[in-house]
Amino acid sequence: MPVSTVTSDKLESLNPYEIVQIQIDQAGKKLGVSEDILNILKKPKRVLSVSFPVKMDDGSIRVFEGFRSQHTDAMGPTKGGIRFHPDVTMDEVKALSMWMSFKCAVTDVPYGGGKGGVICDPRKLSKGEIERVSRGFIEAIADIVGPEKDIPAPDVYTNAQTMGWMMDTYSRMKGKFSPGVITGKPLSLGGSKGRNEATARGCAFAIEQAMEKLNKPLQGATVAVQGFGNAGRIVADLLAEKGCKIVAVSDTSGAIYQKDGLNLDEVKKLKDDKNSKITDLSDAQVLENPEEILELDVDILVPAALENVITRKNADRIQAKVVAEAANGPTTPKADEVLFKKGVHLIPDILANAGGVIVSYFEWVQNLMHYYWTEEEVNSKLKEKIVRSYNEVYDLAQKENTDLRTAAYMVAIKRITEAIEARGWI
């Protein structure tokens, strides 16, 4: 396992941008990549900061701030989501664009990484205000995005409708219908079937491979899902369909546990009811500390919420045999070391949640061809990519006696390095 030159305490306090730079260093040095390549990879090629005015429902004008980071276009146009969140920062957006580069490269998708964000709380905005923010932001970054430049997609607190507004604004600016500028769109605007479930479905495929490698059956396997949002709830459903027992889930209202398995239909009803919360589920134990969900004695743990939830402080208490990172960056570098020594089979985010960008790529291809696939075709192609990528990473990890995250970065960095060298940048 690579040893960082940064102290344990320092590692735990780093922001996502600093963490991804450490991950690049660790994998790159193990791979024997030159310092020149590592220096290129440790910083985004371009970061745009914008501010734009929006008329609010009460007639007032509010100026919003946003960012778009483009990490590297060595392998193709940059690609990545746009999030609306009050805590968006430039460093966060830069880190996420870098993770997206490696997510694309490890799954052999011909993109580089991009990411965008607007500082706002959409929960406090009306639908009309969210639409005007969406149109204002894409207008502000229009010069650096496009079907052959940088292709945004949904992320935290954005969705297919948000992407529809952005695609429409971009198309009006360019004077032509341009569905390929955005992915994650409504089906009526060139969206791909299977896109909404893609992140979760890819994660489920990766978990299936991991359990197979460990010679453990999915039937009857116990699962805890931290974060019952879009990805978390769909992962839970898909694993339940495969015979797993979903014993615990959590969201911002708290965490619930039922050793015999939760009634997911009832949990979803409570989640969708604005007057209820999942902790209202009868016959379920409400965990006093929601973070306890990470430490339950289960076969499979799916962190599907926020970054940095598994740290050196709780890594020793993780009991799951398989940890599948449906969220971006839920495990700190120091925790990675602890889990690896404990023998936990951790499927890193750049592989576990790559289903979304894979099917976004499929959507982009369909837009360019003006020919659309069935959902069965999309899911079949997704499974093929996830299975092949997982096995490449697993085989390299076994060969190098390292963890899956480092192996995933090694696969990704090798592909990006080859593209950089072929283009004569070095």
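Residues numbered from 1 in each chain as written. Predicted model: local features only at pLDDT ≥ 70, side-chain atom pairs only at ≥ 80, totals over all residues. Heavy atoms only, no water.

1. So, the overall build of the protein chain
Each helix and strand in the protein chain was counted, giving 14 helices and 12 strands. A compact globule built from 426 residues would reach a C-alpha radius of gyration of about 22 Å, and the protein chain, at 21 Å, matches this within 12%. Across its three principal axes, the protein chain shows a C-alpha extent of roughly 55 × 55 × 45 Å. Sequence separation of 24 or more characterises 68% of the internal contacts of the protein chain that already satisfy a separation of 6 or more. (Helix = DSSP H or I, 4+ residues; strand = E, 2+ residues; numbered from the N terminus. Rg over C-alpha atoms; globule rule 2.2 N^0.38 Å. Contact = heavy atoms within 4.5 Å.)

2. Observations regarding a positive patch on the surface
A cluster of basic residues, Arg-46, Lys-149, Lys-174 and Lys-176, forms a positive patch on the protein surface. With respect to the helices, strands and loops of the structure, Lys-174 is situated in helix α6 (residues 160-174). (Patch = residues over 30% accessible without salt bridge, like charges linked within 9 Å, V, L, I, M, F, W, Y side chains within 5 Å. Areas by Shrake-Rupley, 256 points an atom, 1.4 Å probe, with all protein chains shown as cover. Salt bridge = Lys/Arg side-chain N within 4 Å of Asp/Glu carboxyl O. Lys, Arg positive; Asp, Glu negative; His and termini not counted. Charge placed at Lys NZ, Arg CZ, Asp CG, Glu CD.)

3. Points about the side chain of Gln-70
Among the structural elements, Gln-70 can be located in strand β2 (residues 61-70). Separated by 2.5 Å, the side chains of Gln-70 and Arg-46 make a polar contact. Those residues in contact with Gln-70 that sit more than four places away from it in its chain are Pro-44, Lys-45, Arg-46, Thr-78, Gly-113, Gly-114, Ile-144 and Asp-150. (Polar contact = N/O pair within 3.5 Å; in protein donor to acceptor, adjacent residues only side chain to side chain.)

4. Some thoughts on the sheet that holds strand β1 (residues 46-55)
One open sheet accounts for 5 strands, arranged β1-β2-β4-β3-β5; its pairing is mixed. Among the strands making up the open sheet, the edge pair consists of β1 and β5 (150-154). The mean angle between the axes of side-by-side strands here comes to 25°, regardless of whether they run parallel or antiparallel. Note: β2 against strand β4 (residues 112-119), 5 bridges, orientation antiparallel. Bridging across to β4, Ser-69 finds its partner in Lys-115. Against the sheet, helix α4 (residues 90-106) touches β1, β2, β3 (78-85) and β4, its axis set at about 150° to β4. (Pairing = 2+ DSSP bridges. Axes fitted to C-alpha atoms, helices over the stretch in contact; angles between N-to-C directions.)

5. Here's the deal with helix α10 (residues 333-342)
Of the positions making up α10, those classed as buried are Pro-333, Ala-335, Asp-336, Glu-337, Val-338 and Leu-339. Positioned one or two residues after α10, Gly-343 has a phi angle of 85°, which is positive. (Buried < 20%, exposed > 50% of the residue type's maximum accessible area, 1.4 Å probe, protein only.)

6. What to know about the pairing of strand β6 (residues 222-226)
Taken across its 5 residues, β6 has 5 buried, putting it largely inside the fold. Residues Thr-222, Ala-224 and Gln-226 point to one face of β6 and Val-223 and Val-225 to the other, with burial holding for every one of them. Inspection of the sheet shows β6 paired to strand β7 (residues 245-251) by 5 bridges, in the parallel sense. Directly across from Val-225, in β7, lies its bridge partner Val-249. What joins β6 to β7 is helix α8 (residues 230-241), and the crossover it makes is right-handed. Relative to strand β10 (residues 300-303), β6 runs parallel, the two being bridged by 4 bridges. Bridging across to β10, Ala-224 finds its partner in Leu-301. (Right-handed = clockwise from strand over helix to strand, strands pointing away.)

7. Some thoughts on the UniProt feature "binding site: substrate" (unreviewed entry) in the protein chain
If you check UniProt for "binding site: substrate" (unreviewed entry), the listed places come out as Lys-79, Lys-103 and Ser-360 in our numbering. In three dimensions, the annotated residues from a span of 282 residues occupy one location, with a maximal C-alpha spread of 12.5 Å. By the element assignment, Lys-79 lies in strand β3. In this structure Lys-79 comes out as buried when scored by relative accessible area, which is 1%. For Lys-103, the location among the structural elements is in helix α4. Residue classification places Lys-103 among the buried positions, given a relative accessible area of 6%. (UniProt positions renumbered as here; feature names shortened; annotations may be inferred.)

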